[in-house]
Amino acid sequence: MKQLNNNDNVVVVSVPAKIHLLGEHAVVYGKPALLTTVDRRITVTIQPRHSVSSTRMTDIFEPILKKELGLKEIPSYKLEISSNIPIGCGLGSSAAISVAYFGAMLLFLGQHWDLGKINALAYKAEKVFHGNPSGGDNATVCFGGLVWFQKVNADKKIIKQLPFSIPENLSKNFVLINTGKPVESTGEMVGGVRLLSEEKPEVVEKFLTQQEHVTKELLNVIKNGDEKNFIRIIKEGEKNLERIGVVSAFVSSIIREIENAGGAAKISGGGGKTKGTGMLLAYHKNPDVIKKIAEEKKLSYFQIKLGVEGLRREA
Ligand code: PMV
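Scoring rules and cut-offs
- Within each chain, residue numbers correspond to sequence positions counted from 1 in written order.
- Only residues with pLDDT of 70 or above have their local features reported here, since the model is predicted, and side-chain atom pairs are shown and tallied only from 80 upward, although totals for entire chains, interfaces and linings are computed over all residues.
- Neither water nor hydrogens contribute to the side-chain values; these are computed over all heavy atoms in the structure.
- Grid points spaced at 1 Å over the protein atoms alone were grouped into cavities, where a 1.4 Å probe fits but cannot get out, and pockets, open sets with protein on both sides within 12 Å along at least five of seven lines, with lining residues defined by an atom within 4 Å of a point.
- Grid points are joined across faces, edges and corners, and a volume is the space filled by probe spheres set on the points.
- Helix and strand definitions follow DSSP, with helices as H or I runs of at least four residues and strands as E runs of at least two, each counted in order from the N terminus.
- Each residue is assigned to one of three groups, with Ala, Val, Leu, Ile, Met, Phe, Trp, Tyr, Cys and Pro labelled nonpolar, Asp, Glu, Lys and Arg labelled charged, and all others, Gly among them, labelled polar.
- Residue ranges for the domains originate in an automatic or database domain assignment.
- One less than the residue count of a helix, multiplied by 1.5 Å, gives the span that helix is expected to have.
- Only protein chains enter the area calculation, which uses a 1.4 Å probe; residues under 20% of their type maximum are buried, those over 50% are exposed, and those in between are partly exposed.
- The contact criterion used throughout is that any non-hydrogen atoms of two residues lie within 4.5 Å.
- Once two parts are joined, some of their accessible surface, as seen by a 1.4 Å probe, is lost; buried area is that loss totalled over both.
- Here, a salt bridge means any Lys or Arg side-chain nitrogen found within 4 Å of an Asp or Glu carboxyl oxygen.
- Nitrogen and oxygen atoms within 3.5 Å of one another constitute a polar contact, given that in protein one can donate a hydrogen and the other can accept it, and given that sequence-neighbouring residues count only through two side-chain atoms.

**Q** Tell me what's going on with the layout of surface pockets, and back it up with residues and numbers.
**A** Counted as a void, the largest pocket has a volume near 950 Å³. For the lining of the largest pocket, the element with the most residues is helix α6 (residues 186–199), which contributes four residues. Grouping the amino acids of the lining of the largest pocket by side-chain chemistry returns 15 nonpolar, 22 polar and seven charged. Formed jointly, the lining of the largest pocket draws a minimum of three residues from each of two domains, domain 1 (11–165 + 308–313) and domain 2 (168–304). Size it by volume and the second largest pocket reaches roughly 190 Å³. Looking at the lining of the second largest pocket residue by residue, the class counts come to seven nonpolar, five polar and two charged.

Below, the structure written as structure tokens:
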């Protein structure tokens, strides 16, 4: 029988979901974004096997792996995926699967476990999936915690894993509400903003300036656990996103209700124009208030833990 590789062990890795605290869309134009991980994970298992099979996903991943690692062949393997990250809802499911795959494959191939390299490989796959993503999603789920991300230009990215976490007084009060999978893809939403920047450049310019300001402000507010200003900033950031047309009327009305009840909420990621915008990041000092609003609207929700560990080897 053919020797498969030197390492017949099963490899298991897991990767969390992500959420944009602020900075989505602005990040496409070189502005900073603040992202964090969410305690939902995808688990990838890779083990040797003696026949080759491919899927649409591995057809994208394998050429990247071969080219970047200078491999002629990849030993046959079996790929198993299990996940509790909802797909297409702004939680970075495609970034998570990409990071998990490349992380697991580096181990399977007996290569050095290097988060920077795994992140770079995952970014290449994300570009195939989404066109021209900023790379914030894959960086966040790979490195974990609270991540400051800025794509300064095509060749330069700032990825800072922040040396503090969201304080307990804030972190215990987040709820995600599932407003439904957006009809529009993230690429389409990014394209819509691009069109707006050509038709009404002043609107997008104003959005970028204001979003950069509040994203920077958010950093200190989180560091200090300043709830009053946290609520104000999330509200301002959300209003800015609404001005560039990435929040549907259905979702903005839910957000107004949460705000009127003393909380704040925002879309996270590309958003949507028609109805659903994916996961809504909602905050209230009493999370039951948010849960009640979601229940009244028959929307599913879950209380989450933010800032969890990024890519991790499980076995
Ligand atoms: O929709 P998501 O979760 O993939 O997030 C997209 C975030 C954008 O800023 C709109 C695009 C990007 O590439 O950063």
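**Q** Could you give an account of helix α7 (residues 201–223), with specific residues and numbers?
**A** Over its 23 residues, α7 extends 34 Å from the first C-alpha to the last, a length consistent with the 33 Å expected when each residue adds 1.5 Å. Considered for burial, the residues of α7 that qualify are V204, F207, L208, Q211, E212, V214, T215, L218, V221 and I222. The inward-facing, buried residues of α7 abut β1 (11–22), β2 (33–48), β4 (146–153), α5 (168–171), α6 and α8 (227–243). The positive-phi residue at the C-terminal boundary of α7 is G225, with phi of around 60°.

**Q** Got a sec to walk through the domain arrangement of the chain? Specific residues and values, please.
**A** Often, the extent of an interface is quoted as the loss of accessible area on bringing the components together. According to the domain assignment, the chain contains domain 1 (11–165 + 308–313) and domain 2 (168–304). Each of domain 1 and domain 2 was reduced to a C-alpha centroid, and the two centroids are 24 Å apart. At the junction of the two partners, domain 1 supplies 28 residues and domain 2 supplies 36 residues. Ranking the residues of domain 1 by area buried against domain 2 places L22, H25 and Y29 at the top, with a combined share of 27%. Our enumeration of links across domain 1 and domain 2 arrives at two salt bridges. Residue E212 is joined to K31 by a salt bridge in which the shortest nitrogen-to-oxygen separation is 2.9 Å. Applying the counting criterion to the domain 1 and domain 2 interface returns eight residue pairs in polar contact (both at pLDDT 80 or more).

**Q** Please provide a residue-by-residue account of the pattern of salt bridges, values included.
**A** Here the structure, examined in full by the defined rule, presents 15 salt bridges. As a salt-bridge pair, D137 and K18 come within 3.8 Å of each other at their nearest N and O atoms. With D137 in helix α4 (residues 136–143) and K18 in strand β1, the pair connects residues that are 119 residues apart, well separated along the chain. Linking E259 and K239 is a salt bridge whose minimum nitrogen-to-oxygen distance equals 3.8 Å. In this pair, E259 sits in helix α9 (residues 249–260) while K239 sits in helix α8, placing the two residues 20 residues apart along the sequence. For K239, a relative accessible area of 33% translates into the label partly exposed. Put simply, K239, E242, R256 and E259 are held in one network by salt bridges that share partners.

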